[in-house]
Amino acid sequence: MDKKWGPDPEAGEWLPLDITGEALASEEMDRIRALLEPLTAYDGGMLWDSETATLTVQMTTEDALQQARLLLLVTNPTWLRVLFVQVQYSGEELQELSSRLLEHQTTWTGTTGISGGVDHYANRLVMLVARNHPEADMLIQAINNLNDPRITLEVYGSEFGAY
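What comes next is a walk through the structure. Values in this document were obtained by computation on a predicted structure and should not be read as measured data.

### Points about unusual backbone geometry
Step number 1: If you check the backbone angles, Asn123 has positive phi at about 55° while not being a glycine.
Step number 2: As for its position among the elements, Asn123 is in the loop between β6 (114-119) and β7 (124-130).
Step number 3: Overall, the relative accessible area of 4% leaves Asn123 in the buried class.

### Points about the side chain of Arg150
Step number 1: Counting through the fold element by element, Arg150 comes out in the loop between α5 (136-146) and β8 (151-156).
Step number 2: Looking at Arg150, its side chain comes within polar contact range of the side chain of Asp148, at 2.6 Å.

### Points about the pairing of β6
Step number 1: Sheet analysis places β6 next to β7, joined by six bridges and oriented antiparallel. By the bridge assignment for β7, Ser115 is matched with Leu128.

### Re the environment of Gly44
Step number 1: With respect to the helices and strands, the residue Gly44 is situated in strand β3 (residues 43-49).
Step number 2: For Gly44 and Glu92, which are 48 residues apart along the polypeptide, the C-alpha to C-alpha distance reads 7.8 Å.
Step number 3: For Gly44, the residues in contact, after removing those within four places along its chain, are Gln58, Met59, Val87, Tyr89, Ser90, Gly91, His120 and Asn123.

### Observations regarding the sheet that holds β8
Step number 1: With mixed pairing, three strands are arranged side by side in an open sheet as β6-β7-β8. The open sheet has two edge strands, β6 and β8, and neither has a second partner. Pairwise comparison of adjacent strand axes, ignoring direction, gives a mean angle of 25° for this sheet.

### Description of the nonpolar core
Step number 1: Grouped together as the largest cluster of nonpolar side chains are 18 residues, with contacts concentrated most on Leu36, Leu55, Val57 and Leu80.
Step number 2: Among the secondary structure elements, those contributing two or more residues to this core are α1 (23-35), β3, β4 (54-59), α2 (62-75) and β5 (81-86).
Step number 3: If near-sequence neighbours (up to four positions away) are discounted, Leu36 is found in contact with Met46, Val57, Met59, Ala68, Leu71 and Leu72.
Step number 4: Counting residues in each nonpolar core, the second largest holds twelve residues, with Leu97, Ile114, Ile140 and Ile151 among its members.

Parameters and conventions
By convention here, each chain's residues receive numbers from 1 onward along its written sequence. Only residues with pLDDT of at least 70 get local features here, since the model is predicted, and only at 80 or more are side-chain atom pairs given and counted; chain-wide, interface and lining totals rely on the full set of residues. Values shown for side chains rest on all heavy atoms present in the structure; no hydrogens or waters enter the calculation. Each helix is a run of DSSP H or I of at least 4 residues and each strand a run of E of at least 2, with the numbering of both proceeding from the N terminus. Each residue is placed in one exposure class: buried if its accessible area under a 1.4 Å probe, protein chains only, is under 20% of its type's maximum, exposed if it is over 50%, and partly exposed if it falls in between. Side-chain atoms alone can form a polar contact between residues adjacent in sequence; in general such a contact is a pair of N or O atoms within 3.5 Å, and within protein one must be able to donate a hydrogen while the other accepts it. The criterion for strand pairing is that DSSP finds at least two bridges linking the strands in question. The contact criterion used is simple: two residues touch if any of their non-hydrogen atoms lie within 4.5 Å. In this analysis an axis means a line fitted to C-alpha atoms, helices contributing only their contacting stretch, and an angle means the value between N-to-C directions, from 0 to 180 degrees. Side-chain atoms within 4.5 Å link the members of a nonpolar core, which is a set of buried Ala, Val, Leu, Ile, Met, Phe, Trp, Tyr and Cys residues.

This is the structure we're talking about:
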């Protein structure tokens, strides 16, 4: 039977719509994520490059990378092209830092106006401050005072809009 968009009258179910053409890769990444669950404490995030159809698995230690290689190349092989990269910080650590700092910025800066989030490609927490924010200098100084190598500060101009 040809694929249809909508219900399959014989099965009484909806057939999946694969707009990007990457449904199989997405299912495989879900399987890989489940296989790597025991390594969560070392997980620096998985990155998908659709242009090269390559999955990058990031871990914080060489031992964790070796375990990931064994799982994905020997024990439960994947058909995806996989790169293994060691990074400094786990995604869990960066997400916790993000939540703590962004949700409670009034406590440590005296004001609000910082946005941002975890950048798994850079393996950092990116904190964004608008140059035209009335308290921009105070926010920038507060971030710099943290002196935390896990944080990257990006100051952007008015082309993104004003606060």
